[in-house]
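Listed here are the chains, written in short residue letters.
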Amino acid sequence: MLQSQAVPLDELIAPLSANQVFILIEVLDDQICDQMDIALSIIKGMNLAADLDSDVFDSFLENGYLISQCELSEDMVSRAGQVIDYFRQKSLRSAAKAYLFLDGKCLEHSNDRLASSYDVLEELKIPKSVEIAG
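Read on for a plain summary of the structure.

Counting buried positions along strand β3 (residues 96-102) yields six of seven residues, so the element is predominantly enclosed. Sheet analysis places strand β1 (residues 20-27) next to β3, joined by seven bridges and oriented antiparallel. When the sheet's bridge partners are listed, Val 21 is paired in β3 with Leu 102. In this structure, β3 lies alongside strand β4 (residues 105-109), joined through four bridges in antiparallel fashion. The partner of Phe 101 across the bridge, within β4, is Cys 106. Here β3 folds back onto β4, and the loop between the two strands holds two residues, one of which, Asp 103, carries a positive phi near 50°.

In structure tokens:
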């Protein structure tokens, strides 16, 4: 007989994210993710080279999840926070959700209703060529 148990995502990811910065990106709607403009935005947010890593993106759509992980450092935590902010954009919220885990704990996710700095820059009519300081 199957035994069921409700488990928080933190508990599932904790062993995978121990002693590192760990980003989990989840497909919320594969049809939206597969639209050209959204797909290119997601590829940019995941920092994939579109021509080299199309298999990674295709696997992401097929499997529903993508993970990125790196060593635990202040710089990497800051960069990971920028990824979460990127996925907070209004245009991506219904397509994908990004989670930031730090040493087994979920610090934040992109569907937390906070405004993305990218959306704020757009509303303020600041040119897209301006880099967001991290």
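Quick look at the environment of Ser 117 now. Examined against the element boundaries, Ser 117 turns out to sit in helix α6 (residues 117-123). Look at Ser 117 and you get partly exposed, because its relative accessible area is 23%. In this structure, the C-alpha to C-alpha distance between Ser 117 and Arg 88, residues 29 residues apart in sequence, is 8.5 Å.

In this section: the side chain of Ser 110. Summarising the element assignment, Ser 110 is placed in the loop between β4 and α6. The buried category is assigned to Ser 110, whose relative accessible area is 0%. If sequence neighbours within four positions are ignored, Ser 110 has contacts with Ile 84, Phe 87, Arg 88, Arg 93, Ala 96, Lys 97 and Ala 98.

Before going further, it helps to spend a moment on unusual backbone geometry. Of note in this structure, Asp 103 is not a glycine but carries a positive phi near 50°. Positionally, Asp 103 belongs in the loop between β3 and β4. Here Asp 103 falls in the partly exposed class, since its relative accessible area comes to 38%. Here the phi dihedral of Arg 113 falls at roughly 75°; this positive angle occurs in a residue that is not glycine.

The rules behind each value
- Residues numbered from 1 in each chain as written.
- Predicted model: local features only at pLDDT ≥ 70, side-chain atom pairs only at ≥ 80, totals over all residues.
- Heavy atoms only, no water.
- Buried < 20%, exposed > 50% of the residue type's maximum accessible area, 1.4 Å probe, protein only.
- Helix = DSSP H or I, 4+ residues; strand = E, 2+ residues; numbered from the N terminus.
- Pairing = 2+ DSSP bridges.
- Contact = heavy atoms within 4.5 Å.

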